[in-house]
Amino acid sequence: MKLGIKEIGVFIPESRLDNASKQGRFEFNDSFLDERIGVHRTAIKDASDECSDLCVKAFNNLTKKIAIQKENIDIIVVVTQNPDTRLPHASAILHGKLDLPVTCASFDISLGCSGFVYGISAIISFMKENGFKKGVLFTADPYSKIVDQEDKNTSLLFGDAATATLITANAELVPGKFSFGTLGTKFREISLVDDKLYMNGSAVVKFVKRFIPADITKVVEKNGLSLGEIDRFILHQGSKFIVDVIKEDLKLDEKKVPFDIYEYGNTVSSSIPIILEKELHDKNNKNFVLSGFGVGLSWASCVMFRNS
């Protein structure tokens, strides 16, 4: 049974914080926004919305694209590090809000920027092992709950969003082989300090340069391909500078490496599926590299193939 991605629902809040309005306070110019971080405005959720609410909105978008009988959903998985509460897990709360059947398995994955790729491997493996036919992988990491708006390193970068990815047979994309890694000795470089997000930008750049191009090369070779044979490289949208670093290191064709967070920001685990949703049904794209990296420090890469 070839399980894979059938459709993706996306929710990005309409409300925005304008980075240009912060120029006087943080002392940066337009080129910093355009070329360094690549974010003009960050999306911000309604104050009353929790992680599960964002997931519901992404699911509603999904159901506008494809008919889903909720009684047939076997499993939901929520990738988040900012759930509604510490107890219970966000997926249980979401399960109730969606009124899913009691036979539907639900669990969370506590990962950030690498979470979507980890999640694809986890949910598909779980479904195959248990004979499940329909699942939904959610990503929602409302960083506005933890970002200090007075911190230049984070407040200009992160935005809120959620996605819902339908996993079934007869999919558009099916996964090949994966690659994973963790640099746990450097976990402090992106972490919570006094319940606010801390990020050491220069350390993150060094981490990306050291591990991610090599990992992408490895996973492409594991799948029997060369870099030149890949149609699209869907990289975690950490910042424009980070995406450019990887692109230049691997000498990738710019047209194959989309970047699209100018109007909503780095959405953590949602960044890859937001980009992938726009590319999913383009039959000219026969394969994709997905690569997520960040909090942990962790990374995960895979190749997705057009299901023929």
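Quick summary incoming for the structure in this document. Fair warning: this is a prediction, and the values are worked out from it, not measured in the lab.

Another aspect to go through is the overall build of the chain. The secondary structure content of the chain amounts to nine helices and 13 strands. Summarising its shape, the C-alpha atoms of the chain cover approximately 55 × 45 × 35 Å along the three principal directions. Evaluated residue by residue, the chain yields a buried proportion of 57% over its 308 residues. Restricting the contact set of the chain to residue pairs at least 6 apart, pairs at least 24 apart contribute 77%. Accessible area of the chain: about 13100 Å², with a carbon and sulfur share of 49%. Measuring between centres, the 38 positive side-chain charges of the chain sit 5 Å from its 40 negative side-chain charges.

Once that is clear, we can look at the pattern of salt bridges. The final tally for this structure, using the stated rule, is 15 salt bridges. We note a salt bridge from Arg 41 to Glu 263, for which the minimum N-O separation is 2.7 Å. One end of the pair, Arg 41, is in strand 3 (residues 41-43); the other, Glu 263, is in the loop between helix 8 (240-250) and helix 9 (271-279), with 222 residues separating them in the sequence. With relative accessibility at 34%, the residue Arg 41 sits in the partly exposed group.

With omega at 0 degrees, the peptide bond leading from Leu 87 into Pro 88 counts as cis. Tracing the chain through its elements places Pro 88 in the loop between strand 4 (75-79) and helix 4 (90-98). Cis geometry is found at the peptide bond from Gly 296 to Leu 297, where omega equals -10 degrees. By the secondary structure assignment, Leu 297 is in the loop between strand 12 (287-294) and strand 13 (298-306). Not every positive phi belongs to a glycine, and Glu 27 is a case in point at roughly 55 degrees. Assignment of secondary structure puts Glu 27 in the loop between helix 1 (23-26) and helix 2 (30-37).

Among the nonpolar cores identified, the biggest contains 79 residues, and Ile 5, Phe 207, Ile 212, Ile 216, Ile 246, Leu 276 and Leu 290 are the most heavily contacted of them. In terms of residue count, helix 7 (residues 201-222) provides more of this core than any other element does, nine residues in total. In terms of nonpolar packing, the next biggest core, distinct from the first, is built from 23 residues, Leu 98, Val 136, Ala 162 and Ala 164 among them.

Here we take up the environment of Val 147. Topologically, Val 147 is positioned in the loop between strand 6 (134-140) and helix 6 (152-155). In this structure, the C-alpha to C-alpha distance between Val 147 and Arg 210, residues 63 residues apart in sequence, is 27 Å.

Another point: helix 4. Along helix 4, the residues classified as buried are Ala 90, Ser 91, Leu 94, His 95 and Leu 98. Burial along helix 4 is one-sided: seen end-on, the buried residues are contained in an arc of 140 degrees. Residues of helix 4 that are buried in the fold lie against helix 3 (51-65), strand 4, strand 5 (105-109) and strand 6.

Here the focus is the packing of aromatic side chains. Within this structure, the stated rule accounts for eleven aromatic pairs. Summarising the aromatic geometry, the rings of Phe 126 and Phe 132 are spaced 6.0 Å apart at their centres and angled 45 degrees between planes, so their arrangement reads as tilted. Under the relative-accessibility criterion, Phe 126 is labelled partly exposed at 30%. The interplanar angle of 45 degrees and the centroid separation of 5.9 Å between the aromatic rings of Phe 207 and Phe 211 together place this pair among those described as tilted. Here Phe 211 and Phe 207 lie together in helix 7, a separation of four residues that amounts to about one turn. Among the residues examined, Phe 207 registers a relative accessible area of 3% and is labelled buried. Here a set of aromatic residues connected by ring pairs shows up, and it is made of Phe 107, Phe 126 and Phe 132. The lysine or arginine in question, Arg 25, covers the ring of Phe 26, its NZ or CZ lying 5.1 Å from the ring centre. For the cation-ring pair, Lys 152 lies above Phe 32, with the distance from its terminal atom to the ring centre recorded as 5.0 Å.

What follows concerns the pairing of strand 5. Judged from the five bridges that link them, strand 4 and strand 5 form a sheet pairing that is parallel. In the strand pairing of strand 5, Val 78 is matched with Asp 108. In this view, the connection linking strand 4 to its parallel neighbour strand 5 by way of helix 4 has right-handed handedness.

Parameters at a glance
Residues numbered from 1 in each chain as written. Predicted model: local features only at pLDDT ≥ 70, side-chain atom pairs only at ≥ 80, totals over all residues. Heavy atoms only, no water. Helix = DSSP H or I, 4+ residues; strand = E, 2+ residues; numbered from the N terminus. Buried < 20%, exposed > 50% of the residue type's maximum accessible area, 1.4 Å probe, protein only. Contact = heavy atoms within 4.5 Å. Areas by Shrake-Rupley, 256 points an atom, 1.4 Å probe, with all protein chains shown as cover. Lys, Arg positive; Asp, Glu negative; His and termini not counted. Charge placed at Lys NZ, Arg CZ, Asp CG, Glu CD. Salt bridge = Lys/Arg side-chain N within 4 Å of Asp/Glu carboxyl O. Core = buried A, V, L, I, M, F, W, Y, C linked by side-chain atoms within 4.5 Å. Arc of directions from axis to C-beta. Phe/Tyr/Trp six-rings, centres within 6.5 Å; stacked < 30°, edge-to-face > 60°. Lys NZ or Arg CZ within 6 Å of the ring centre and 35° of its normal. Pairing = 2+ DSSP bridges. Right-handed = clockwise from strand over helix to strand, strands pointing away.

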